[in-house]
Amino acid sequence: MGRDSPSDVENKLQQRTGNGNAVHPLGSGSSAHQVYEGYHPFRRWFPWLVPSFVLANVAVFMVTMSLNNCPKNSSSCLAKFLGRFSFQPFKENPLLGPSSSTLVKIGALDVSKVVHQHQGWRLITCIWLHAGVFHILANMLSLLFIGIRLEQEFGFVRIGMIYFISGVGGSLLSALFIQSSISVGASGALFGLLGGMLSELITNWTIYANKTAALLTLLVIIVINLAVGVLPHVDNFAHIGGFISGFLLGFVFLIRPQFGWVSQKLDQTRIGVGQPKPKHKMYQYVLWVLSLILLIVGFTVGFIMLMRGVNGNDHCSWCHYLSCVPINNRSCNTASVDCMTTQTGNSLNLTCQGSGRYHVYQISNPSDDEIKELCLQLCT
């Protein structure tokens, strides 16, 4: 995207020094050079955490499909030759994956369970679950494309923290605004990395070449990905929450020394001469403090609202359109999904209270989770 790599920045620094500020070549007898021999302002890291995240997500998806065991619970599975790893019917799950009830059992974000059964851990576990093959394929390819480069530049600790905290931030905003369905996926964490890339470019503005082109390119990528979030079966609130969290975290974790400070370090002839330049500019410190405050306040207020059962749509009448566009008879109603149920022998009669739609299912002694899943399918 027009951004210099750390090694490119270092080479640029060395090339810009003139004869009066020359960097002594390797092997010279300068004592000053002996001090800074081997000095590298931007360390390159070996990326192992991001590939580990990919493997972990794939492993969790395989376990999910095994536990789902479609042939045991349905007679119309897709790809039956896969045995217990076969997929739910396409009408039930168009992403080629497990049932909603299986996802709920192993940790999907279900707001009612978080609020009323104090299962706050679902805000974390849902980050590692995926709704289907298409879902996990898109997320893991994006993670490899974005995450490996960032881990090479900033290391596994900082990138790991941005990924994890952004994922929780995405889950939190999703739980506040989408309370009528479950949510899974690493998309919030991925958008956190995108947000971190944007804030890193802003806070380290002076050390990059072609910065305007890089900024415009990155903004176009972000806007396109957020626009995709209004499609059906996509939780755009998780994207937005993850992006905002990652954007603020980037100002905190991805701050780099300024050009002048690095140039002075590389210029051995200035040792002990002149006024030392500051490592960071004042605006970087201001952004660091403001971002940290906003993160602490935002997460604190969000968790308090969630634990009190607050529905964000009650305080923002238009916010649900950020994740839904009412076209082709698609409803963007954010009300909770409720059904009237009547069991007669092996027949379960469900009537959606919101739309009046009804259906009769041939099932005996259904569990509460099964009824909830069928109700959700009927009403949405």
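Only a predicted model underlies this, so the values are computations on that prediction, with no experimental measurement involved. (Residues numbered from 1 in each chain as written. Predicted model: local features only at pLDDT ≥ 70, side-chain atom pairs only at ≥ 80, totals over all residues. Heavy atoms only, no water.)

### Section: the packing of helix 10 (residues 187-203) against helix 11 (residues 211-228)
Where we set the bar: Fitted lines through C-alpha atoms serve as axes, helices being fitted only where they are in contact, and the angles separating the N-to-C directions of these axes extend from 0 to 180 degrees. Numbered from the N terminus, helices here are DSSP runs of H or I no shorter than four residues, and strands are runs of E no shorter than two. Any angle from 65 to 115 degrees is called roughly perpendicular, while one under 35 is roughly parallel, one over 145 is roughly antiparallel, and all others are oblique. By definition, any crossing whose near helix is turned counterclockwise from its far helix by less than a right angle is left-handed, and any crossing with a clockwise turn is right-handed. Contacts are assigned to residue pairs that have any heavy atoms within 4.5 Å of one another. Gly counts as polar in this scheme, as do all residues outside two lists: the nonpolar Ala, Val, Leu, Ile, Met, Phe, Trp, Tyr, Cys and Pro, and the charged Asp, Glu, Lys and Arg.
Interhelical geometry of helix 10 versus helix 11 gives an angle of 155° and a closest axis separation of 10 Å. Relative to helix 11, helix 10 is oriented roughly antiparallel. Handedness of the crossing formed by helix 10 with helix 11: left-handed. Facing helix 10, whose interface residues are Phe191, Leu194, Met197, Leu198 and Leu201, helix 11 presents Lys211, Ala214, Leu215, Leu218, Leu219, Ile221, Ile222, Asn225 and Leu226. Residue composition of the contact of helix 10 with helix 11, grouped by class: 12 nonpolar, one polar and one charged.

### Some words on the sheet that holds strand 1 (residues 339-344)
The criterion, for reference: Paired strands, in this sense, are two strands between which DSSP finds at least two bridges.
Here three strands make up an open sheet; going across it, the order is 1-2-3 and the pairing antiparallel. Sheet topology places strand 1 and strand 3 (358-362) at the edges, where each strand pairs with a single neighbour. Across this sheet, the average inter-strand angle for adjacent strands is 20°, counted without regard to direction. Looking at chain direction, strand 1 and strand 2 (residues 347-352) are connected through six bridges and run antiparallel. Directly across from glutamine 343, in strand 2, lies its bridge partner leucine 348.

### Let's talk about helix 3 (residues 49-68)
Worth spelling out the cut-off: One less than the residue count of a helix, multiplied by 1.5 Å, gives the span that helix is expected to have. For every residue, the accessible area obtained with a 1.4 Å probe (protein chains only) is divided by the maximum for its type, and the residue is called buried under 20%, exposed over 50%, and partly exposed between those limits.
Taking 1.5 Å of rise per residue, the 20 residues of helix 3 would be expected to cover 28 Å, and the 28 Å separating its terminal C-alpha atoms lies within 8% of that figure. Those residues of helix 3 that fall on the buried side of the exposure criterion are Leu49, Val50, Phe53, Val54, Asn57, Phe61, Thr64, Met65, Ser66 and Asn68. Each element contacted by the buried residues of helix 3 is listed here: helix 4 (70-73), helix 5 (100-105), helix 8 (133-154) and helix 9 (156-177). Following helix 3 by one or two positions, asparagine 69 adopts a phi angle in the positive range, close to 45°.

### A short note on the pairing of strand 2
Each regular strand displays side chains that alternate between the two surfaces of the sheet. Count of turn residues in the strand 1/strand 2 antiparallel hairpin: two residues, of which glycine 345 carries a positive phi of about 65°. Sheet topology note: the strand 2/strand 3 ladder contains five bridges and is antiparallel. Across the sheet, residue serine 347 finds its bridge partner in strand 3, namely glutamine 362.

### Re the state of the cysteines
What counts, and what does not: When two cysteine sulfur atoms are found within 2.5 Å, that pair is recorded as a disulfide.
Taken as a whole and assessed by the stated rule, the structure comprises two disulfides. A sulfur-sulfur separation of 2.0 Å characterises the disulfide bridge that pairs cysteine 70 with cysteine 77. One quick way to see it: the torsion about the S-S bond of cysteine 70 and cysteine 77 is about -100°, and its sign makes the bridge left-handed. For the pair formed by cysteine 70 and cysteine 77, the shared burial category is buried. At a sulfur-sulfur separation of 1.8 Å, the disulfide partner of cysteine 316 is cysteine 319. Across the S-S bond of cysteine 316 and cysteine 319 the torsion is about 80°, and the bridge reads as right-handed. With relative accessibility at 12%, the residue cysteine 316 sits in the buried group. The buried category is assigned to cysteine 319, whose relative accessible area is 9%.

In short, geometric facts, not functional conclusions.
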